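A structural walkthrough
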Amino acid sequence: MTHVSTLTEQTPQFETASTPASDPVQAHARASSQPDASIVIVSFNTREVLRECLDSITREAASLSLEILIVDNNSSDGSQAMIEEEFPHVTLLRSPDNLGFGAANNLALSQACGRYFILLNSDAFFAPGALVAAIRHMDATPNCGLGGGLLTGRDGSLQPSARSFHSILRDAIVMTGLAHRFPKSKFFGQFDRTWADPRQPAEIDWVPGAFSIIRPAVLQKVGLFDPAFFLYYEEVDLCRRIRRAGYSVWYWPDIVVIHIGGESSRQLTDLTFSAHAAQVSLWRMRSTLLYYRKHHGFQARLIFWLETGLFRITVWRNRSSKDPARQERCRHSQDLIALMRQAWEETNGGRVSPPAPW
């Protein structure tokens, strides 16, 4: 039966078959009762992809000692029953509310006991050898506080995997489309490092939250995710705190993780601004303002002016057109201006996080 745990309970260890002693990672698994890694997954109505995610972990676990903790953010699609029936070795943490990404991960991280903590999206799957490679890299890089890998779609297309910290300049380059237009330029491609060879490992600023491996001692020093960020920017904030504490953040391309979330987003070509899209945009804007206020002070006002200013330019360029697509683009930008103003008011200019759940 799946173990349902609270914050104070000790989670069970998922042991797998023994392997030859020639591999130092495998030898450590037998020499210590501590799991090689605690894998933390946050799920919200993602039953089918979550099953595929857990299957990929099972395939990768043959040489490792693992514990798997899933925080379910009050799903209504049968995810919890699926976990209980098909993956009884998993520790299931049930939340009565949608805690968001950071707070839900904190719930599991506070009781995880592995040598390393691995955060994995429910729509992300390990390619063969990825999990062992991640642990070996962390063992070989003692000053690394957090590491990430190469994110790809199912079709092998590359997704942003190694990023630079947000700044007014970098965000302006991305928002104006210059980053997309000149991806090989070191200046215009600096945010997503599109100028760099994705086959080369590198010390970077931060990695997207679809996959990361973290050294627990670093979290003890810098703290867990800031719960002020309900969704978006929480991993950026954590990486900034890790680097500020003197640790490095690394990108290792031989850790390949298939991430279908990014693949799905590329298919959103309809300009219709649904209520769900508006809600997600509002969440992103709130977190943008919270992040800028926390790390850049008065620049929270600058990012507000930048975004609303660019939206106003789009309105001005399209408002007189009779083309339905351009009219829709105008309405969309007007909606985004209103949402950014709402986000500014609700966060008091990035100073206060609205009560969760957002």
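For the structure itself, consult the block above.
From a predicted model like this one, the values you see are computed outputs, not experimental measurements.

What follows covers the overall build of the protein. Looking only at helices and strands, the protein has 13 helices and 10 strands in total. Counting over 358 residues, the protein shows a buried share of 53%. Contacts spanning at least 24 positions in sequence make up 77% of the contacts within the protein whose residues lie at least 6 apart. For the protein, the accessible surface area stands at approximately 16,200 Å², while carbon and sulfur atoms represent 55% of it.

With that settled, consider empty space enclosed by the protein. Gaps left between atoms are located by rolling a probe of water-molecule size over the structure's atoms. Applying the stated criterion to the full structure yields 1 cavity of 30 Å³ or more. For the lining of the largest cavity, the leading source of residues is helix H9 (residues 234–244), giving 3 residues. Taken together, the residues that form the lining of the largest cavity break down as 8 nonpolar, 2 polar and 1 charged.

Our focus in this paragraph is the side chain of Ser75. With respect to the helices, strands and loops of the structure, Ser75 is situated in the loop between strand E3 (66–72) and helix H3 (79–86). There is a polar contact of 2.7 Å between the side chain of Ser75 and the backbone nitrogen of Asn45. With near-sequence residues (within four places) excluded, Ser75 lies in contact with Ser43, Phe44, Asn45 and Gln80.

What follows deals with unusual backbone geometry. In this chain, Ala356 is followed by Pro357 through a cis amide linkage whose omega measures -5 degrees. Turning to its location among the elements, Pro357 is positioned in the segment after helix H13 (324–346). Phi at Asn74 is positive, roughly 65 degrees, even though this residue is not glycine. Mapping Asn74 onto the fold places it in the loop between E3 and H3. By relative accessible area, which is 41% here, Asn74 ends up partly exposed. If you check the backbone angles, Tyr232 has positive phi at about 80 degrees while not being a glycine. Looking at where Tyr232 falls in the secondary structure, it is placed in the loop between helix H8 (216–222) and H9. Judged by its relative accessible area of 31%, Tyr232 is partly exposed.

Counting across every chain of the model gives 11 aromatic pairs. With centroids separated by 5.7 Å and ring planes inclined at 70 degrees, the aromatic side chains of Phe101 and Phe225 adopt a geometry described as edge-to-face. Of the two residues, Phe101 is situated in helix H4 (residues 101–109) and Phe225 in the loop between H8 and H9; the sequence distance between them amounts to 124 residues. On the basis of relative accessible area, Phe225 is assigned to the buried category, the value being 4%. With centroids separated by 5.3 Å and ring planes inclined at 70 degrees, the aromatic side chains of Phe230 and Trp283 adopt a geometry described as edge-to-face.

Buried residues dominate strand E2 (residues 37–43), accounting for 7 of its 7 residues. Residues Ala37, Ile39, Ile41 and Ser43 point to one face of E2 and Ser38, Val40 and Val42 to the other, with burial holding for every one of them. Sheet analysis places E2 next to E3, joined by 7 bridges and oriented parallel. Bridging across to E3, Ser38 finds its partner in Glu67. Once the chain exits E2 it traverses helix H2 (residues 47–60) before rejoining the sheet at E3, and the crossover so formed is right-handed.

This part covers the environment of Arg170. Positionally, Arg170 belongs in helix H6 (residues 168–175). Note on Arg170: relative accessible area 21%, which makes it partly exposed. Sequence-distant contacts of Arg170, that is, excluding residues within four places in its chain, are made with Ser164, Phe165, Gln190, Phe191 and Asp205. A polar atom in the side chain of Arg170 sits 2.9 Å from the side chain of Gln190.

With that settled, consider the environment of Leu54. Relative to the elements of secondary structure, Leu54 occurs in helix H2. Between the C-alpha atom of Leu54 and that of Ser122, which follows or precedes it by 68 residues, the distance is 8.3 Å. If near-sequence neighbours (up to four positions away) are discounted, Leu54 is found in contact with Ile41, Ile68, Ile70, Phe87 and Val90.

Along helix H5 (residues 130–140), 8 of the 11 residues are buried, which leaves the element largely enclosed by surrounding structure. All of the buried residues in H5 are Ala130, Leu131, Val132, Ala133, Ala134, Ile135, His137 and Met138.

Conventions used here
Residues numbered from 1 in each chain as written. Predicted model: local features only at pLDDT ≥ 70, side-chain atom pairs only at ≥ 80, totals over all residues. Heavy atoms only, no water. Helix = DSSP H or I, 4+ residues; strand = E, 2+ residues; numbered from the N terminus. Buried < 20%, exposed > 50% of the residue type's maximum accessible area, 1.4 Å probe, protein only. Contact = heavy atoms within 4.5 Å. Areas by Shrake-Rupley, 256 points an atom, 1.4 Å probe, with all protein chains shown as cover. 1 Å grid on protein atoms, 1.4 Å probe; cavity = no way out; pocket = protein on both sides within 12 Å on 5 of 7 lines; lining within 4 Å. Points joined across faces, edges and corners; volume = space filled by probe spheres on them. Nonpolar A, V, L, I, M, F, W, Y, C, P; charged D, E, K, R; others polar. Polar contact = N/O pair within 3.5 Å; in protein donor to acceptor, adjacent residues only side chain to side chain. Phe/Tyr/Trp six-rings, centres within 6.5 Å; stacked < 30°, edge-to-face > 60°. Pairing = 2+ DSSP bridges. Right-handed = clockwise from strand over helix to strand, strands pointing away.

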